[in-house]
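Coordinates in review
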Amino acid sequence: MHQIAVCKPAIYRRRRRRRRRPNEGDRRSTEIAESACCFQAICDEPFALTQHRCVSTQIKMDQYADPQLKIGFIGAGNMAFGIAKGMLSGNVLPINIKVSAPSSTNQGRFQELGISVTHSNTEVVSGSDVVFVAVKPHLVPLVLSEVSPHVQQKQIIVSVAAGVTLALLEELLPENSIVIRLMPNLPCVVQEGALLFARGANAKQEDGAVLCSLLRCCGLVVEGPEAWIDIHTGMSGSGVAFVYLFAEALAEGAVKMGMPSALAHSIASQTVLGAGRLLRDSGKHPAQLRSDVCTPGGTTIYGLHTLEQGGVRASVMSAVESATEKARELGRK
Ligand SMILES: NC(=O)C1=CN([C@@H]2O[C@H](COP(=O)(O)OP(=O)(O)OC[C@H]3O[C@@H](n4cnc5c(N)ncnc54)[C@H](O)[C@@H]3O)[C@@H](O)[C@H]2O)C=CC1
Ligand SMILES: O=C(O)[C@@H]1CCC=N1
């Protein structure tokens, strides 16, 4: 049986709570809960534990991460920046974050946030309680072999590298290391990420709770079995780019019909944002919302027919499938 913990972003929960009727469960988490015996840990209530259905395990969840925790990032790229930016919107202080990368190219934007930077990966590891490994997947073995002698058993090592399995991470790190595999996505930078993590053999629930509380401002944070991480990579890590492609195509369609490009792109991004927020906040199935937009014989059904003729649904499903397969392939290397 799978165990799933859902740590929802504070913003989302505030919005939902206002609309919730007494005794009405949260539909989305209930749907997630339906798939397995699970528990739900809500991060923005001190030590809160909301139980749904059969509760197999309990997490004691601090509202916030310990503000004194030292956080390190190996790699100063887009994803490290996204997670760091999300964390800073919680109670993590920039003074408690350090980032390493071999060159200074990407370090400026971290420094602008008050985060200290270094070229030494071992310096980051030696001074951190939680270390995020945020380099490209093929560099993970190199980086971990470099820092491994400095890893201590009390530290939590979190890899965000696509495809890199817990088994490989544990093999590359000292015995009994606390390892977590996390797949985030880029909207962490605006606190609207979707993050799924799986714990390694030595990572306890409390370690997952620490990670969850650190990431609570990055967006929706869910714990699940490792087998889902590659799927999440295809659907959400990469999926963000699929949505951008759709937004770009919407705008290009409008430009083709005569709208100025800047306005078309602005409206396309607002359309994607609005559709996404309504989908998330209403808790409705996308097919229901799609139907709500369709007037019989109206414009939308004509457009949808054209999309179906273009095989858009099959294309998107295949995109998720091939991105997932690619993540799995990375893990076999
Ligand atoms: N970009 C995205 O949307 C997502 C990326 N990821 C994962 O995050 C990881 C990083 O990806 P990005 O941030 O996009 O890449 P990036 O290319 O933007 O950043 C990689 C960083 O690693 C640094 N680096 C290179 N060699 C290094 C070394 N030996 N020691 C320390 N740092 C080194 C580079 O200087 C750069 O700052 C990848 O494993 C990727 O699979 C996961 C989810 C989403
Ligand atoms: O394209 C990639 O490999 C990474 C993982 C998910 C998003 N970007």
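Residues numbered from 1 in each chain as written. Chains lettered and ligands numbered in written order. Predicted model: local features only at pLDDT ≥ 70, side-chain atom pairs only at ≥ 80, totals over all residues. Heavy atoms only, no water.

Topic: the overall build of the chain
Counting its regular elements, the chain contains 14 helices and nine strands. Taking contacts inside the chain between residues at least 6 apart in sequence as the whole, the part at least 24 apart equals 64%. Accessible surface, the chain: about 16,900 Å² in total, of which carbon and sulfur atoms supply 58%. (Helix = DSSP H or I, 4+ residues; strand = E, 2+ residues; numbered from the N terminus. Contact = heavy atoms within 4.5 Å. Areas by Shrake-Rupley, 256 points an atom, 1.4 Å probe, with all protein chains shown as cover.)

Notes on the UniProt feature "domain: Pyrroline-5-carboxylate reductase catalytic N-terminal" (unreviewed entry) in the chain
Annotation from UniProt places "domain: Pyrroline-5-carboxylate reductase catalytic N-terminal" (unreviewed entry) at residues 70-163. In this annotation, residues 70-163 is assigned 32% helix and 20% strand; the end-to-end C-alpha distance for the span is 26 Å. (UniProt positions renumbered as here; feature names shortened; annotations may be inferred.)

Observations concerning the packing of helix α9 (residues 227-237) against helix α14 (residues 312-332)
Packed helix pairs are characterised by how far apart their axes lie and by the angle those axes make with each other. Two elements in contact, α9 and α14, have axes whose closest approach is 7 Å; the angle formed by their N-to-C orientations is 135°. On the basis of their axis angle, the class for α9 and α14 is oblique. Relative to α14, α9 is oriented so that their crossing is right-handed. Only V320, A323, T324, A327 and R328 of α14 make contact with α9, whose side of the interface consists of D230, I231, T233, G234 and M235. When the residues that make up the contact of α9 with α14 are grouped by side-chain class, the tally is five nonpolar, three polar and two charged. (Axes fitted to C-alpha atoms, helices over the stretch in contact; angles between N-to-C directions. Parallel < 35°, antiparallel > 145°, perpendicular 65-115°, else oblique. Left-handed = near helix turned anticlockwise from the far one by under 90°. Nonpolar A, V, L, I, M, F, W, Y, C, P; charged D, E, K, R; others polar.)

Quick word on the site of ligand 1
Around ligand 1, 22 residues are found, and the nearest of them are A76, M79, N121, V135 and A162. G77 places a main-chain nitrogen or oxygen 3.2 Å from an oxygen atom of ligand 1. Relative to its free-state accessible area of 830 Å², ligand 1 is covered by the protein chains to the extent of 81%. Residues that form the shell around ligand 1 fall into these classes: 15 nonpolar, six polar and one charged. (Near = heavy atom within 4 Å. Polar contact = N/O pair within 3.5 Å; in protein donor to acceptor, adjacent residues only side chain to side chain.)

Brief notes about the pattern of salt bridges
Enumeration over the complete set of coordinates arrives at ten salt bridges. Across the pair E226 and R181 runs a salt bridge, and its minimum N-O distance is 2.8 Å. Of the two residues, E226 is situated in the loop between β9 (219-223) and α9 and R181 in strand β7 (residues 178-183); the sequence distance between them amounts to 45 residues. Judged by relative accessible area, R181 falls into the buried class, the value being 1%. Between E192 and R280 there is a salt bridge whose closest N-O contact spans 2.6 Å. Here E192, found in the loop between β7 and β8 (193-199), pairs with R280, found in helix α11 (residues 261-282); they are 88 residues apart in sequence, far enough to count as distant. Judged by its relative accessible area of 33%, E192 falls in the partly exposed class. Residue class for R280 comes out buried when judged on its relative accessible area of 18%. In the salt-bridge network here, residues are joined through shared partners; they are R181, E226 and D230. (Salt bridge = Lys/Arg side-chain N within 4 Å of Asp/Glu carboxyl O. Buried < 20%, exposed > 50% of the residue type's maximum accessible area, 1.4 Å probe, protein only.)

Topic: the site of ligand 2
Neighbouring ligand 2 are A162, T233, G237 and S238. Computed on the free molecule, ligand 2 has an accessible area of 240 Å², of which 46% lies beneath the protein chains in the complex.

Quick word on the nonpolar core
The biggest cluster of nonpolar side chains holds 34 residues, and the ones touching the most others in it are I71, F73, I83, M87, F132, L182 and L215. Sorting the residues of this core by element identifies β2 (71-74), α3 (78-88), β3 (97-100), β5 (130-133), β6 (156-159), β7, β8 and α8 (205-215) as the ones contributing at least two each. Residue contributions to this core peak at five residues, all from α3. When neighbours within four sequence positions are excluded, L215 is seen to be in contact with I83, M87, F132, L182, L195 and V221. If you look at the next biggest cluster of nonpolar residues, it comprises 25 residues, including I74, V147, I157 and M183. (Core = buried A, V, L, I, M, F, W, Y, C linked by side-chain atoms within 4.5 Å.)

As for the UniProt feature "domain: Pyrroline-5-carboxylate reductase dimerisation" (unreviewed entry) in the chain
Here, the residues flagged by UniProt with the feature "domain: Pyrroline-5-carboxylate reductase dimerisation" (unreviewed entry) are residues 226-330. Helix and strand shares over residues 226-330 are 85% and 0% respectively, and the end C-alpha atoms of the span are 14 Å apart.

Considerations on the side chain of H232
Looking at where H232 falls in the secondary structure, it is placed in helix α9. Among all residues touching H232, those that are not within four sequence positions of it are M183, A194, L195, L196 and G237.

Here's the deal with the pairing of β9
A large share of β9 lies buried, amounting to five of its five residues. Bridge count for β8 against β9 is five bridges, and the pairing is parallel. Opposite L196, over in β9, you have V222 as the bridge partner. The handedness of the β8 to β9 crossover, carried by α8, is right-handed. (Pairing = 2+ DSSP bridges. Right-handed = clockwise from strand over helix to strand, strands pointing away.)

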